[in-house]
Amino acid sequence: MSVVDGPVPKHRQLRDILMGLVETELVPDAPVPSERDLMARYDVSRATVREAIGSLVSEGRLYRVRGKGTFVAAARVESQMHLASFTEDMRRRGHKPSTVVLGSDETAAPPPARSALGLDVTDRAYRIERLRSADGAPMAHEVSWLPAAPLPGMLERDLTSSIYSILAHDYGRVLDSAAQTMWAEGADPLRARLLRVPPAAPLLVFRKTSYASGRPMEHVTSWYRADRYQVHMTLDRTPHNGSPFDRPGQGYSSAGTRDY
Ligand code: GLP
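Residues numbered from 1 in each chain as written. Predicted model: local features only at pLDDT ≥ 70, side-chain atom pairs only at ≥ 80, totals over all residues. Heavy atoms only, no water.

Examined against the element boundaries, alanine 30 turns out to sit in the loop between helix H1 (10-24) and helix H2 (35-42). C-alpha separation for the pair alanine 30 and valine 72, spaced 42 residues apart in sequence, amounts to 5.5 Å. If near-sequence neighbours (up to four positions away) are discounted, alanine 30 is found in contact with Thr70, Phe71 and Val72. (Helix = DSSP H or I, 4+ residues; strand = E, 2+ residues; numbered from the N terminus. Contact = heavy atoms within 4.5 Å.)

To continue, consider the packing of H2 against helix H3 (residues 46-58). Think of two packed helices as two axes; the pair is described by the angle between the axes and how far apart they sit. Remark: H2 packs on H3, axes separated minimally by 9 Å, with the N-to-C direction vectors making an angle of 115°. One element, H2, and the other, H3, form an angle in the roughly perpendicular class. Every pair of crossing elements has a handedness; the one defined by H2 and H3 is right-handed. Here H2 contributes Glu35, Leu38 and Met39 to the contact with H3, which in turn contributes Arg46, Val49, Arg50 and Ile53. (Axes fitted to C-alpha atoms, helices over the stretch in contact; angles between N-to-C directions. Parallel < 35°, antiparallel > 145°, perpendicular 65-115°, else oblique. Left-handed = near helix turned anticlockwise from the far one by under 90°.)

A few words now on the confidence of the model for the protein chain. The predicted model of the protein chain has a mean per-residue pLDDT of 87, with 90% of residues at 70 or higher. The low-confidence segment residues 244-260 (pLDDT under 50) makes 33 contacts with residues lying over four places distant or belonging to another chain. (pLDDT = per-residue confidence, 0-100.)

This is the structure we're talking about:
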């Protein structure tokens with residue numbers, strides 16, 4: 001393969017060549033050839049090399065480590081948009097899930113979680129904060145709120161396992177529907193450290209309220225590394241009315257607050 005003069009810009013041609021290498025020869029975390037090698041091998045300028053590499057970095061196919069070079073990123077894990085637990089979702093895709101519980105307590109829920117869960121001011125809720133990994137690499141940071149009354153003893157369970165299977169097997173609460181909103185966010189310094197990404201790296205944020213037979217059981221916000229995760233949706237033309245918490249003014253629409 002070579003880079004030639006013509007209608008396709010040289011940086012685009014080089015990007016495609018590098019993409020071919022990433023897909024066929026290079027394994028995740030392998031270094032890509034240096035700028036100097038690429039300039040010599042394809043007879044292009046440094047600016048062309050930088051532009052080609054820059055576009056693969058912004059597509060999430062390569063990543064840079066300051067002072068070390070540029071490396072091949074692992075392919076993203078793709079999730080179908082359905083009501084799956086993290087544990088289930090990762091296993092189905094051939095990845096090994098693991099979880100660190102960063103905190104868990106029984107407390108009063110903040111107003112958005114309280115209203116999503118249909119709780120009164122005096123009702124207690126569980127707050128469970130976890131770091132979820134796939135094949136040992138951090139994938140998502142999650143903060144979940146669950147109503148305490150129907151789930152006695154929940155915090156004594158093994159929260160490094162699947163919350164969805166605890167709800168189903170120990171409490172007979174099978175989550176069968178949910179409403180979810182997603183947006184993009186740059187990682188704040190704390191989350192960047194947890195997820196092992198540079199500050200301001202792109203994250204996909206999902207906020208969801210899940211129900212078991214119509215009763216709200218979980219209100220959760222998950223921050224997924226955008227370089228490791230993508231979602232697939234099947235769309236049809238049937239209009240869906242937003243659920244109550246998707247309405248502007250309720251604090252959950254794209255125009256609303258994102259406190260949790
Ligand atoms: C996914 C969802 C979360 C949910 C979690 C439960 O990560 N985005 O909303 O809380 O799964 O996973 P598990 O059953 O493995 O605890």
